[in-house]
Amino acid sequence: MFSKITQFFQGGDPGKPAPEAVLEALRSLVDPNTGKDYVSQKSVKNVRCDKGVVSLDIVLPYPAASQFEMVAADVARHLGMLEGVASANVTVRSEIVTHAAQRGVPLLPGVKNIIAVASGKGGVGKSTTAVNLALALAAEGARVGVLDADIYGPSQPLMLGLQGQRPETVEGKKLKPVVNHGLQTMSIGYLVDTDQAMVWRGPMVSQALQQLLNDTLWDNLDYLVIDMPPGTGDIQLTLAQKVPVTGAVIVTTPQDIALLDARKGVTMFQKVGVPILGLVENMAIHICSNCGHAEHIFGEGGAARMAADFGVEVLGSLPLDIHIRTAVDEGRPTVVADPGGQVTALYKAIARKVAVKVGEKAQDFSSKFPKIVIQNT
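Structural notes, computed from the coordinates. What you see is a predicted model, and the numbers here were worked out from it, not measured in a lab. (Residues numbered from 1 in each chain as written. Predicted model: local features only at pLDDT ≥ 70, side-chain atom pairs only at ≥ 80, totals over all residues. Heavy atoms only, no water.)

1. Observations regarding the nonpolar core
Okay, step 1: Ranked by internal contacts, the top residues of the largest apolar core, which has 103 residues, are I58, V75, L224 and F269.
Okay, step 2: Among the elements that line this core, the one with the most residues is helix α11 (residues 342-359), at 8 residues. (Core = buried A, V, L, I, M, F, W, Y, C linked by side-chain atoms within 4.5 Å. Buried < 20%, exposed > 50% of the residue type's maximum accessible area, 1.4 Å probe, protein only. Helix = DSSP H or I, 4+ residues; strand = E, 2+ residues; numbered from the N terminus.)

Right under this line is the structure:
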């Protein structure tokens, strides 16, 4: 939870606007991230009117720290046009709650929502997208973790500059996540040597992943981003059935062969009841660093056509940019290496869309219910 307060002063004599009038005025002001007005999405809280001064809270169901000031100014400016308002004090904050996962799959302690980042095939930049998505959510103010679910080829330790790190154990059973760049992380790469090949069959891999997920002491995460292994086989299916996933993001590139496999990823999640939050089109366009020529090396419009077929949204398109690659190789992904850059802005926009999609899902209230224990006496 986090907040920012902005004041806006409007000339005129102080009046006595009623809270109902304030709410009615805000019904015509739309949240640019959700497309809904602030009243209907239940973001307006604690409206107070006193001698021409209006005070209220705007509580967003998604992290958007970079936009708090803009939202506060828009709301205050809008209220300034209301008769009788001399000034408006607007507090903006985000409040992330737990949303329902697949039916019958228990929630994970210390984690409110789980986002699976998947692809039908390797080589489309899924892991790079996953880590930058996690960092973008954190940059917008959320508490975020990353689980590297690729047992055969873990890459998150390298991408996060954590190679050679070992997680601390608690009582010989639980693992503390390894933290860097504000992310809580866990990977099989922390537990084995870099050159060690994991020659395991599917059931062993599935068990190892469940242990990494359940034996890690995640600390009050708003979002846990799971970097899924490529493909749609037994391992992926087991994860999708036993991990309480709030929603999945599918990463693809525009060419037909990648889209063919990405479609299989969508149908896999649909079969196990995991909502698809949207598609991310990676390597959509290349801009020459020497001459500035733009070229769609891998084709154009593929993700949009696939999204239309499945009735989902394209969350964003990312360029084929050498700086994205060099940044993760150096252990400082783009969102960290270039926080004010254009590509980082794209990742943040995608992260807000993902968080909005999660926020639209039904809430999970199981943690608020008391546990009933029947004992024989």
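From this point, the narrative continues.
2. Structural notes on helix α3 (residues 126-139)
Okay, step 1: The end-to-end C-alpha separation of α3 is 20 Å, in line with the 20 Å expected for 14 residues at 1.5 Å each.
Okay, step 2: Here α3 lies mainly inside the structure; 12 of its 14 residues are buried.
Okay, step 3: Listed in full, the buried residues belonging to α3 are K126, S127, T128, T129, A130, V131, N132, L133, A134, L135, A136 and L137.
Okay, step 4: Immediately downstream of α3, the backbone of G141 shows phi near 110°, a positive value. (Expected span 1.5 Å × (residues − 1).)

3. Regarding the pairing of strand β5 (residues 111-118)
Okay, step 1: With respect to burial, β5 is a largely interior element, 7 of its 8 residues being buried.
Okay, step 2: The pairing of β5 with strand β11 (residues 221-227) spans 6 bridges and is classified as parallel. Looking across to β11, one finds that A116 is bridged to I226.
Okay, step 3: By the bridge criterion, 4 bridges tie β5 to strand β12 (residues 247-252) in an arrangement that is parallel. (Pairing = 2+ DSSP bridges.)

4. So, the pattern of salt bridges
Okay, step 1: Applying the stated criterion to the full structure yields 15 salt bridges.
Okay, step 2: Note that D222 and K112 form a salt bridge whose closest N and O atoms lie 3.2 Å from each other. You can see D222 sitting in strand β11 and its partner K112 sitting in strand β5, a full 110 residues away along the chain.
Okay, step 3: By relative accessible area, D222 is classed as buried at 7%.
Okay, step 4: Note on K112: relative accessible area 25%, which makes it partly exposed.
Okay, step 5: Residues E168 and K176 are paired through a salt bridge, measuring 3.9 Å at the closest nitrogen-oxygen approach.
Okay, step 6: Salt bridges linked by common partners bring D57, R93 and E95 together as one network. (Salt bridge = Lys/Arg side-chain N within 4 Å of Asp/Glu carboxyl O.)

5. Examining empty space enclosed by the protein
In this approach a probe as big as a water molecule rolls over the atoms, and the regions it shows empty are the leftover space.
Okay, step 1: Tallied over the entire structure, the rule returns 2 cavities of 30 Å³ or more.
Okay, step 2: Put simply, the largest cavity is a space of about 40 Å³.
Okay, step 3: Lining of the largest cavity is provided by H99, A101, L107, L108, V111, K112, N113, I114, P244 and T246.
Okay, step 4: Residues of the lining of the largest cavity, tallied by class, amount to 6 nonpolar, 3 polar and 1 charged.
Okay, step 5: The computed volume of the second largest cavity comes to approximately 30 Å³.
Okay, step 6: Forming the walls of the second largest cavity are A118, S119, M228, P229, G231, T232, Q236, G265, M268 and F269.
Okay, step 7: In terms of residue count, the dominant contributor to the lining of the second largest cavity is helix α7 (residues 256-271) (3 residues).
Okay, step 8: Looking at side-chain class alone, the lining of the second largest cavity contains 5 nonpolar, 5 polar and no charged residues. (1 Å grid on protein atoms, 1.4 Å probe; cavity = no way out; pocket = protein on both sides within 12 Å on 5 of 7 lines; lining within 4 Å. Points joined across faces, edges and corners; volume = space filled by probe spheres on them. Nonpolar A, V, L, I, M, F, W, Y, C, P; charged D, E, K, R; others polar.)

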